[in-house]
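Residue-level structural notes
For reference, the chains in residue letters:
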Amino acid sequence: QVQLEESGGGLVQPGGSARLSCAGSGFTLDSNALGWFRQAPGKEREGVACTSRVDGQTYYADSVKGRFTIILDDAKRTVDLQMDNLKPEDTAVYYCATDEGGLGATCPVPALWDYWGQGIQVTVSS
């Protein structure tokens, strides 16, 4: 079955960088949509960055455009999230998710994604 596991979180200073990695099994990077989501305390889970090689679509939330990059790493068989110029408001639990097929317009809608990792904490603080 599909399994996902996030790694790479922790404490980062404002303006710093971090790279999250999601390793998965039960699917291929070429056949699924892959995404990163986050949820801060008291807020709804939101799509941060998603991509799919099936339809060639990539999505970034407005709040992270120009700062975050989603990367499909074939050598490591991971989907990574490179986060630069981190801000305190980026503090959240970050989740990796995947679903069959292309991305379409599903990234902003967490309920449409079927498979999830357990989440990893990212804290941006001085």
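Just so we're clear, the structure is a prediction, and the values are computed from it rather than from any experiment. Numbering of residues begins from 1 in every chain and follows the order in which that chain's sequence is written. Thresholds applied to this predicted model are a pLDDT of at least 70 for local features of residues and 80 or more for the giving and counting of side-chain atom pairs; totals over whole chains, interfaces and linings are not thresholded and use all residues. By convention in this description, side-chain values take in all heavy atoms of the structure and omit both hydrogens and water.

**Side note on the sheet that holds strand β8 (residues 78–83)**
- Pairing is antiparallel in the open sheet, where 4 strands are placed in the order β1-β3-β8-β7. Here the strands that pair on one side only, and so sit at the sheet edges, are β1 (3–7) and β7 (68–73). Neighbour-to-neighbour, the strand axes of the sheet open up by a mean angle of 20°, direction not taken into account.
- By the bridge criterion, 5 bridges tie β1 to strand β3 (residues 18–25) in an arrangement that is antiparallel. Residue pairing for β3: Leu4 is matched across the bridge by Gly24. Paired strands, in this sense, are two strands between which DSSP finds at least two bridges. Helix and strand assignments follow DSSP, with helices taken as H or I runs no shorter than four residues and strands as E runs no shorter than two, numbered in order from the N terminus. Axis angles are defined between N-to-C directions and span 0 to 180 degrees, where every axis is a line fitted to C-alpha atoms and, for a helix, only to the segment in contact.

**Quick word on the packing of aromatic side chains**
- Side-chain rings of Phe, Tyr and Trp (the six-membered ring for Trp) are treated as a pair once their centres are within 6.5 Å; stacked means planes under 30 degrees apart, edge-to-face means over 60, and tilted covers the remaining angles. Overall, the coordinates contain 3 aromatic pairs when judged by the stated rule.
- Ring centres of Phe37 and Trp113 lie 5.2 Å apart, and the angle between their planes is 75°; on these two criteria the pair is classed as edge-to-face. Taken together, the residues span a long stretch of sequence, with Phe37 in strand β4 (residues 32–39) and Trp113 in the loop between β9 (92–100) and β10 (115–116) at a distance of 76 residues.
- With a 1.4 Å probe rolled over the protein chains alone, any residue whose accessible area is under 20% of its type maximum counts as buried; one over 50% counts as exposed, and the rest are partly exposed. Since its relative accessible area comes to 0%, Phe37 is described here as buried.
- Consider the rings of Tyr95 and Trp116, whose centres lie 6.3 Å apart with planes at 80°: the pair is edge-to-face. Linking Tyr95 in strand β9 with Trp116 in strand β10, this pair joins segments that are 21 residues apart in sequence.
- These aromatic residues form a ring-pair network of at least three members: Phe37, Tyr95, Trp113 and Trp116.
- Just above the ring of Tyr95 sits the side chain of Arg45; from NZ or CZ to the centre is 3.8 Å.
- A ring is considered to have a charge above it if a Lys NZ or an Arg CZ atom is located within 6 Å of its centre and within 35 degrees of its normal. Between Arg77 and the ring centre of Phe27, over which it is positioned, the NZ or CZ distance is 5.0 Å.

**Concerning the side chain of Ser52**
- Note on placement: Ser52 falls in strand β5 (residues 46–52).
- By the criterion applied in these results, polar contacts are pairs of N or O atoms within 3.5 Å in which, for protein atoms, one can donate a hydrogen and the other can accept it, and in which residues neighboring in sequence qualify only through two side-chain atoms. From its side chain, Ser52 meets the backbone oxygen of Gly101 in a polar contact 3.2 Å long.
- Non-local contacts of Ser52, meaning those with residues more than four positions away in its chain, are made with Asn32, Ala33, Gln57, Gly101, Gly102 and Leu103. Any two residues having at least one pair of non-hydrogen atoms within 4.5 Å are treated as being in contact.

**Some thoughts on the side chain of Asp73**
- Along the chain, Asp73 turns up in strand β7.
- By the counting scheme adopted, Arg and Lys are positive, Glu and Asp are negative, and His together with the chain ends is not counted. Within this document, salt bridges are pairs made up of a side-chain nitrogen of Lys or Arg and a carboxyl oxygen of Asp or Glu, the two lying within 4 Å of each other. In this structure, Asp73 is buried with no salt-bridge partner, the nearest side chain bearing the opposite charge being Lys76 at 4.1 Å.
- One polar contact links the side chain of Asp73 to the main-chain amide nitrogen of Lys76, over a distance of 3.1 Å.
- Those residues within four positions of Asp73 in sequence are excluded, and the remaining contacts are Arg19, Leu29, Thr78 and Asp80.

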